[in-house]
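An overview of the molecular structure
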Amino acid sequence: MNDRTKLVAGNWKMNGLRADGLALAGELAERARAAKGVQALHCELLICPPATLLSPVHETIAGSGIALGGQDCHAAPKGAFTGDVSAEMLADSGCAYVILGHSERRHGHGETDAEIRDKLAAAVRAGLKPILCVGETHQQRQSGHAIAVVAAQLTGSIPDGVARDGLIVAYEPVWAIGSGLSCKPENIAQMHAAIRADMAPATRILYGGSVNPTNAAGILALTDVDGALIGGASLDADSFWAIARSCG
Ligand code: PEP
């Protein structure tokens, strides 16, 4: 696989009890094994279940080629942080990736760029691949500030000394997440080109925001789109699999 093999990542958010979460993971693992490894899909597959399901999902997907990721982490390796999960704990549960700075963390939990920067440093410390989410609000796009907002998020969220070619950036317009409204292809292409200019040739840049089996192929074919971060459609094995097949 070259450095920019497409990555199709499912963010399950706060969805999945043991029975349905393991059934979904099992269904995907079975398909991946039947496809004789995820390379046959022309992409890397990643699922990010809630923290309660990381360990059992890790066992369920063993040997399938599907990677496991967390949805957030604390900046400290351990300590008196009730309810939090460290990057080391994610790695210990089988994770290879962690999503950071998702808009539901930035807006729902008031996370700042500075906090996300510390979490990103923690992810690197623990050997995880960080997926840094950035994206503008509808108002910021309407007022012509989308590219500047995203550039500022990148500058503020990436610690000094972290190699940009090892990072994954997910461009997720806030207004497109879970809304059924997908960003116009020309706007996605323009934003990804702007992010590429700030990052490195090997940085993978994902698009996220109401990606579904119908619009996936068009989005994934755009220059500088190296995969997708998928919320709602990742909760259905057929939809997630169809999006992954769109990479071919
Ligand atoms: C997300 O939560 O990262 C996301 C892109 O959600 P959805 O696909 O449901 O818009």
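Attention here is on the structure that accompanies the text. As the structure is a prediction and not an experimental result, all values here were calculated from the model. (Residues numbered from 1 in each chain as written. Predicted model: local features only at pLDDT ≥ 70, side-chain atom pairs only at ≥ 80, totals over all residues. Heavy atoms only, no water.)

**Description of the site of the ligand**
Neighbouring the ligand are 14 residues; K13, E172, G178, S210 and G231 lie closest to it. A distance of 2.5 Å separates an oxygen atom of the ligand from a polar side-chain atom of K13. The contact in question runs from an oxygen atom of the ligand to an N or O atom on the side chain of E172, over 2.7 Å. About the coverage of the ligand: the protein hides 95% of its 290 Å² of free accessible area. Here the shell around the ligand is composed, by residue class, of 4 nonpolar, 8 polar and 2 charged. (Near = heavy atom within 4 Å. Polar contact = N/O pair within 3.5 Å; in protein donor to acceptor, adjacent residues only side chain to side chain. Areas by Shrake-Rupley, 256 points an atom, 1.4 Å probe, with all protein chains shown as cover. Nonpolar A, V, L, I, M, F, W, Y, C, P; charged D, E, K, R; others polar.)

**Notes on the state of the cysteines**
This structure, assessed with the given rule, holds 0 disulfides. Considering cysteine sulfurs only, C43 is the nearest to C247, which forms no disulfide, with 4.2 Å between them. Given a relative accessible area of 14%, C247 falls into the buried group. (Disulfide = S-S within 2.5 Å. Buried < 20%, exposed > 50% of the residue type's maximum accessible area, 1.4 Å probe, protein only.)

**Regarding unusual backbone geometry**
One non-glycine residue, H42, adopts positive backbone phi at about 60 degrees. Positive phi is not limited to glycine here, since D224 has a value of about 70 degrees. Of note, D224 is situated in the loop between helix 9 (216-220) and strand 8 (227-230). (Helix = DSSP H or I, 4+ residues; strand = E, 2+ residues; numbered from the N terminus.)

Function cannot be inferred from these measures alone, as they are strictly geometric.
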